Amino acid sequence: GIFQSHPQLGWELIPNSIGSHKDPELEFDVTYRVDSLKHRVTPAPYNRSKIVFLGGSFTFGHGVDDAQVFSYLLQKRMPNTKIIDAAVQGWGTAQAYLKLQQLFDQFDDIETVVYGYIADHNRRNFLRKEWLELLLNCCNRRNPYYYLENDKLIFGGLAPLSKGVSPSDYADLASEEQRITDRLILALKKLVETNGARFMLVFLPDRSSKQLSEGLKAKLGSLGYLDLRPKVFADEYFYSDHHPKPSAHKLIAEELEPKFRTRPAEG
């Protein structure tokens, strides 16, 4: 009850909606509240400088009550800043990029943009057939995508099932997925910096052993990349589907807060 279709994003949150999510197998029974601007609630008004979080279910807070999501916990610790949780369950980097364009059109006081990355975003960005089938069968959704033409990112719209790819289509599908993901991440970074804000990619604890390419890490810089997986690794912090529990969100908030206390000097 909190999702609606969107012609570019594929799907987004419904403003002022409330959804209940109960999963006896994973042992949670939680409520998701969406504010008037289609973001998961955080307890501060919009009339102050902003930190934006983009991403999918890990950033949104799948299986976690509103007040236990790391964005909400950061908001309580940083009352003079508006934390915007603009993540949506199932989104990848393409949606993050499209959503960020909307946010910069909407606000002129965004100071920092944080992209909550997980390894699973790669298959969404390069349109794995299994992902497109899952979206279509479970929710009648279609995924937006970008492709490269003469080394330039081109928006392709919402992908039909015929656009789906599988490992048999490529000698190294993982490398192709990483290539388009890297380009999208760098497009995010460029958009943020063009608007005078700071960009950070946070590798959220997703139980994967995947590594970012050295080239991408070099372009992000030490201040633009944070891998939280070594900090949050014990099994007790995760549901069996690998989504972080409230205890993990608490640790994530504790690790992130110092990163926002002082903006690094320009240059």
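Refer to the structure printed above.
Remember, predicted model here, so these are calculated numbers, not experimental data.

Draft legend 1. Up close: unusual backbone geometry. Even without being a glycine, K38 presents a positive backbone phi close to 70°. In this structure, K38 sits in the loop between β4 (28-33) and β5 (50-55). Accessibility expressed as a relative area gives 25% for K38, which makes it partly exposed. Even without glycine at this site, D151 takes up a positive phi of about 65°.

Draft legend 2. Inspection of the side chain of T93 at higher detail. Along the chain, the position of T93 falls in helix α3 (residues 93-106). For T93, the contacting residues outside a window of four places in its chain are Y115, H121, N125, T181, L184, I185 and L188.

Draft legend 3. Representation of the sheet that holds strand β11 (residues 225-227). A sheet is described by the order of its strands in space; here five strands give the open sequence β6-β5-β7-β10-β11, paired in parallel fashion. The outermost strands of the open sheet, each flanked by one partner alone, are β6 (82-85) and β11. Recorded for the sheet is a direction-independent mean angle of 20° between the axes of neighbouring strands. Relative to β11, strand β10 (residues 198-203) runs parallel, the two sharing three bridges. The partner of F203 across the bridge, within β11, is D227. The sheet strands contacting α3 are β5 and β7 (110-117), and the helix crosses β7 at an angle near 165°. Against the sheet, helix α8 (residues 246-261) contacts β5, β7, β10 and β11, and its axis sits at roughly 165° relative to β10.

Draft legend 4. Highlighting the pattern of salt bridges. The tally for this structure, following the rule as stated, stands at 17 salt bridges. Note that R33 is salt-bridged to D66, the shortest N-O span being 3.2 Å. Taken as a pair, R33 in strand β4 and D66 in the loop between α1 (57-60) and α2 (70-77) lie far apart in primary sequence, 33 residues in all. A residue is classified by how much of its surface remains accessible, and R33, at 40% relative accessible area, is partly exposed. Residue classification places D66 among the buried residues on the basis of a relative accessible area of 7%. We note a salt bridge from K50 to D109, for which the minimum N-O separation is 2.9 Å. Remark: D109 occurs in the loop between α3 and β7 and K50 occurs in strand β5; sequence separation between them is 59 residues. Looking at K50, the relative accessible area reads 2%, which means it is buried. D109 sits in the partly exposed class, given a relative accessible area of 25%.

Draft legend 5. Layout of empty space enclosed by the protein. The tally for this structure, following the rule as stated, stands at one cavity of 30 Å³ or more. Considering only enclosed or pocket space, the largest cavity measures out at about 40 Å³ in volume. In terms of residue class, the lining of the largest cavity is built from five nonpolar, one polar and three charged.

What counts as what
- Residues numbered from 1 in each chain as written.
- Predicted model: local features only at pLDDT ≥ 70, side-chain atom pairs only at ≥ 80, totals over all residues.
- Heavy atoms only, no water.
- Helix = DSSP H or I, 4+ residues; strand = E, 2+ residues; numbered from the N terminus.
- Buried < 20%, exposed > 50% of the residue type's maximum accessible area, 1.4 Å probe, protein only.
- Contact = heavy atoms within 4.5 Å.
- Pairing = 2+ DSSP bridges.
- Axes fitted to C-alpha atoms, helices over the stretch in contact; angles between N-to-C directions.
- Salt bridge = Lys/Arg side-chain N within 4 Å of Asp/Glu carboxyl O.
- 1 Å grid on protein atoms, 1.4 Å probe; cavity = no way out; pocket = protein on both sides within 12 Å on 5 of 7 lines; lining within 4 Å.
- Points joined across faces, edges and corners; volume = space filled by probe spheres on them.
- Nonpolar A, V, L, I, M, F, W, Y, C, P; charged D, E, K, R; others polar.

By themselves, these observations are geometric and do not establish any function.
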